[in-house]
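The primary structure of each chain is shown beneath.
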Amino acid sequence: MQKLKILNSKEKKSIAKLISSQFGCEFKFNYEVFMNPKNKIFILNKDVANISLDNLRVNSLGMYFGLVYDNKEIRLSMEGSQMIGPLATTNILELNDTDAKQWMSGEDIEIDSDMNGYVLIKNKDDFLGCGRLSNK
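Here the structure is a predicted model, which means the values were calculated and not measured.

K.L.:
Mind showing me how you'd approach the side chain of K12 here?
P.N.:
Examined against the element boundaries, K12 turns out to sit in helix α1 (residues 9–23). Of the side chains with opposite charge, E32 comes closest to the buried, unpaired K12, at an N-O distance of 4.4 Å. Those residues in contact with K12, other than ones at most four positions away along the chain, are L7, F29, Y31, E32, V33 and K46.

K.L.:
Teacher, can you tell me more about the nonpolar core here?
P.N.:
Burial of nonpolar side chains together is a common tendency in soluble globular proteins. In terms of nonpolar packing, the biggest core is built from 22 residues, with I15, I19, F23, F65, I74 and I84 touching the most fellow members. Listed by contribution, the elements that provide at least two residues to this core are α1, β2 (32–35), β3 (40–44), β4 (63–69), β5 (73–76), β7 (117–123) and β8 (126–133). Of all the elements, α1 adds the most residues to this core, at four residues. Leave out the neighbours within four places in its chain, and I84 touches I19, F23, C25, F27, F65, L76 and L120. Ranked by size, the runner-up nonpolar core spans nine residues in total, among them L93, I109, I111 and I121.

K.L.:
Just to check I follow, could you spell out the packing of aromatic side chains for this structure?
P.N.:
Any aromatic ring pair is given by two values, namely how distant the centres are and how the planes are angled relative to each other. Enumeration over the complete set of coordinates arrives at five aromatic pairs. A ring pair is formed by F27 and F29, whose centres lie 5.0 Å apart and whose planes are at 90°; its orientation type is edge-to-face. Both residues of the pair, F27 and F29, belong to the buried class. Their ring planes at 15° and their centres at 5.8 Å tell us that F27 and F65 sit as a pair that is stacked. Placement of the pair is F27 in the loop between α1 and β2 and F65 in strand β4, with a sequence separation of 38 residues. Assessed through its relative accessible area of 0%, F65 is described here as buried. Over the ring of Y64 we find K40, and its NZ or CZ is 5.5 Å from the ring centre.

K.L.:
In this structure, what is going on with the pairing of β3? I would like to understand it.
P.N.:
Along a regular strand, successive side chains alternate from one face of the sheet to the other. Pairing of β2 with β3 involves four bridges; the strand directions are antiparallel. Residue M35 lies in a different strand from β3, and its bridge partner there is I41. The pairing of β3 with β4 spans four bridges and is classified as antiparallel. Paired with K40 across the two strands is L67, which belongs to β4.

K.L.:
What exactly am I supposed to notice about the sheet that holds β3 here?
P.N.:
One open sheet accounts for five strands, arranged β1-β2-β3-β4-β5; its pairing is antiparallel. Looking along the sheet, the strands with just one partner apiece sit at the ends: β1 (5–6) and β5. Looking at chain direction, β4 and β5 are connected through four bridges and run antiparallel. Bridging from a neighbouring strand, G66 pairs with L76 of β5. Along the sheet face, α1 touches β1, β2, β3, β4 and β5 and points at about 80° away from the line of β5.

K.L.:
I tried to follow unusual backbone geometry on my own but got confused; where do I start?
P.N.:
Residues other than glycine predominantly adopt negative phi, and peptide bonds predominantly adopt the trans conformation. A positive phi angle, near 55°, is found at N71, a position not held by glycine. When you line up the elements, N71 lands in the loop between β4 and β5. Non-glycine residue N91 carries a positive phi angle of around 55°.

Definitions and limits used
Residues numbered from 1 in each chain as written. Predicted model: local features only at pLDDT ≥ 70, side-chain atom pairs only at ≥ 80, totals over all residues. Heavy atoms only, no water. Helix = DSSP H or I, 4+ residues; strand = E, 2+ residues; numbered from the N terminus. Buried < 20%, exposed > 50% of the residue type's maximum accessible area, 1.4 Å probe, protein only. Lys, Arg positive; Asp, Glu negative; His and termini not counted. Salt bridge = Lys/Arg side-chain N within 4 Å of Asp/Glu carboxyl O. Contact = heavy atoms within 4.5 Å. Core = buried A, V, L, I, M, F, W, Y, C linked by side-chain atoms within 4.5 Å. Phe/Tyr/Trp six-rings, centres within 6.5 Å; stacked < 30°, edge-to-face > 60°. Lys NZ or Arg CZ within 6 Å of the ring centre and 35° of its normal. Pairing = 2+ DSSP bridges. Axes fitted to C-alpha atoms, helices over the stretch in contact; angles between N-to-C directions.

Take a look at the structure:
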């Protein structure tokens, strides 16, 4: 069974640094932050500290926030992108309605952009998620 690790403040700052370098914004985790062995990040209200988790066998707690790759990059979940998106200043890819629909259907889209790596996907005022941009 997978074991969730509660991240300490240093580990939370490391993830916040990834967010800052990738999306150009400051984000403070005002939540308890958990990571599973596959580097998936989950956030939960700080009141969870009042519950003993020692004897619980769980795969996840709270909201799935994103996935950390080699401590170098983060791919945000849809909910994570909706939290970070309004704060972000870089790596935001704005799609028209046609491309957004195609992307949301799981298809690759061709984009002419200088950006590379994981970017926030936006259509009008909505952040739709996070996608990997490479080779157009």
